[in-house]
Amino acid sequence: MITISPLYPLKFEPILKQKVWGGNKLNKIFKKIAKENIGESWEISGVEENVSEISNGALKGKTLNWLLENYTEKLVGEKVYQDFGNKFPLLFKFIDAREDLSVQVHPGDALAKERHNSFGKTEMWYILDVEKGARLILGFNEKMDEQKYLKTLSENRITEILNSEPVKKGDAFVLKPGTVHAIGAGVLLAEIQQTSDITYRIYDWDRPDTNGQMRQLHTDLALEAIDFGPSKAKMSYSEEKNTPVPIGTTDFFTVNKLSLSQNYVRDLEEIPSFTVYMCLEGTAVIETDDFSEEIKKGETILIPAQLPEIKFDTNSASFLEVYIP
């Protein structure tokens, strides 16, 4: 075990992804310096070949994998390290959809392990900004079964059976594996998900990708993963200031909203894992006994499990607070 540096609130270099459907809001609103058509900013990632690198403090330049190997449960918490070892269990993103994303579905843990030796993908969306008429696709708009679904798909009429859900800023959704879904044009959101990059694409609006090629569809793989029951993805929560407000809990993560109008001390003693803050609005300085770091709108910070509390120095900032229950 190394002893070179005590842990502190950690920021990471965003990993920016060009997408055929991506826009310019991650640059314009969140100041992610990037080329055009950036669809995703991977804020904290342990996905193979997309591993985040620390951008602040004494450990700057080290990777998330290196951190895990050297700090183990001090970084992620004892139970999390027992369960996941040197695999970081969650992936944090900001997503900007200038156009509709493909209609897709993700497998659960059992199917993903069997097929890909991977985690499944439970995910959560928090809507940050919308254009007029923006919507999500979530599940089906009528009672559905495998036979009816396959018939509609084969006749290229799948858009007729998809449930379209209008969205506004502040809406939140938890998507269980098996939910057929798509992010619609004009939506900017934060996404929290299990560490998995497995997507089964069902329909891609008959458009070519950035190289002019049609992207592969995964009709057969998707079939076994789809939940044909009604979608119950939308979460309801109350808006309160200066206290963590629960938005949604899954088996894999808990998400609260923390809206601050004053300085605030957050006791993390009872949280058994690391905690991540995604800044939605405003600016704050996060302080520990011997370290301070500014975080502003569009940035993400990881608080190691061994830190018992942090102080937010701010007069206006809001965050998604994420940890593993």
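Our subject is the structure listed above.
The sections below set out a description of the structure shown in this document.

The rules behind these values
- Residues numbered from 1 in each chain as written.
- Predicted model: local features only at pLDDT ≥ 70, side-chain atom pairs only at ≥ 80, totals over all residues.
- Heavy atoms only, no water.
- Helix = DSSP H or I, 4+ residues; strand = E, 2+ residues; numbered from the N terminus.
- Rg over C-alpha atoms; globule rule 2.2 N^0.38 Å.
- Buried < 20%, exposed > 50% of the residue type's maximum accessible area, 1.4 Å probe, protein only.
- Contact = heavy atoms within 4.5 Å.
- Areas by Shrake-Rupley, 256 points an atom, 1.4 Å probe, with all protein chains shown as cover.
- Lys, Arg positive; Asp, Glu negative; His and termini not counted.
- Charge placed at Lys NZ, Arg CZ, Asp CG, Glu CD.
- Expected span 1.5 Å × (residues − 1).
- Bend = angle between axes of the 7 residues up to and from the residue.
- Core = buried A, V, L, I, M, F, W, Y, C linked by side-chain atoms within 4.5 Å.
- Salt bridge = Lys/Arg side-chain N within 4 Å of Asp/Glu carboxyl O.
- Patch = residues over 30% accessible without salt bridge, like charges linked within 9 Å, V, L, I, M, F, W, Y side chains within 5 Å.
- Arc of directions from axis to C-beta.

1. Digging into the overall build of the protein chain
- Helix and strand counts for the protein chain stand at 6 helices and 22 strands.
- Taken over the C-alpha trace, the protein chain has a radius of gyration of 20 Å; the compact-globule value for 325 residues is 20 Å, and the two agree within 12%.
- Dimensions of the protein chain, computed from C-alpha atoms along their principal axes, come out at roughly 65 × 40 × 35 Å.
- Here the protein chain holds 325 residues, and 53% of them are scored as buried.
- Contacts in the protein chain between residues far apart in sequence, at least 24 positions, make up 74% of those at least 6 positions apart.
- Surface accessibility of the protein chain: about 14800 Å² in total, with carbon and sulfur atoms responsible for 45%.
- Measuring between centres, the 38 positive side-chain charges of the protein chain sit 5 Å from its 50 negative side-chain charges.

2. As for helix H2 (residues 64-76)
- Taking 1.5 Å per residue as the helical rise, H2 with its 13 residues ought to reach 18 Å, whereas the 11 Å between its terminal C-alpha atoms falls clearly short.
- In the structure, H2 departs most strongly from a straight axis at Asn70, where the bend amounts to approximately 95 degrees.
- What H2 keeps buried is the set Leu64, Leu67, Leu68, Asn70, Tyr71, Thr72, Leu75 and Val76.
- Backbone geometry just downstream of H2 places Gly77 in the positive-phi region, at approximately 105 degrees.

3. Brief notes about the nonpolar core
- By size, the foremost hydrophobic cluster in this structure holds 40 residues, and its most contacted members are Leu10, Leu67, Leu75, Phe92 and Phe274.
- Sorting the residues of this core by element identifies strand S3 (38-44), H2, strand S6 (90-97), strand S8 (123-130), strand S11 (172-175), strand S13 (187-194), strand S19 (275-287) and strand S22 (309-323) as the ones contributing at least two each.
- Ranked by residues supplied to this core, first place goes to H2 with 6 residues.
- Of all hydrophobic cores here, the second largest spans 23 residues; its members include Val103, Val105, Ile202 and Tyr203.

4. Focus on the pattern of salt bridges
- A full pass over the atoms with the stated rule returns 25 salt bridges.
- In this structure, the salt-bridge partner of Asp171 is Lys234, at a minimum N-O distance of 3.8 Å. Taken together, the positions of Asp171 in the loop between strand S10 (162-166) and S11 and Lys234 in strand S15 (residues 234-235) put the pair 63 residues apart, joining distant regions of the chain.
- Residue classification places Asp171 among the buried residues on the basis of a relative accessible area of 6%.
- Notably, a salt bridge pairs Arg207 with Asp204, separated by 3.3 Å at the nearest N-O pair. Accessibility assignment for this pair places Arg207 and Asp204 in one class, buried.

5. Some thoughts on unusual backbone geometry
- We note that Asn156 has phi near 55 degrees; this positive angle belongs to a residue other than glycine.
- Of note in the backbone geometry, Asn242 takes a positive phi value of approximately 60 degrees without being a glycine.
- Relative to the helices and strands, Asn242 is located in the loop between S15 and strand S16 (245-249).

6. Thoughts on a negative patch on the surface
- Side chains of Asp267, Glu269, Glu270, Asp289, Asp290 and Glu309 sit close together on the surface and give a patch of like negative charge.
- For Glu309, a relative accessible area of 43% gives the class partly exposed.

7. Things to note about helix H5 (residues 146-154)
- Residues of H5 that are buried: Tyr149, Thr152 and Leu153. Buried residues in H5, looked at end-on, bunch into an arc of 100 degrees, giving them a common side. Set apart from the buried face of H5 by more than 90 degrees, the exposed residues are Gln147 and Ser154.
- At its buried positions, H5 is contacted by strand S9 (135-140), strand S14 (200-203) and helix H6 (219-225).
- Downstream of H5 by a residue or two, Asn156 has a phi angle that is positive, lying close to 55 degrees.

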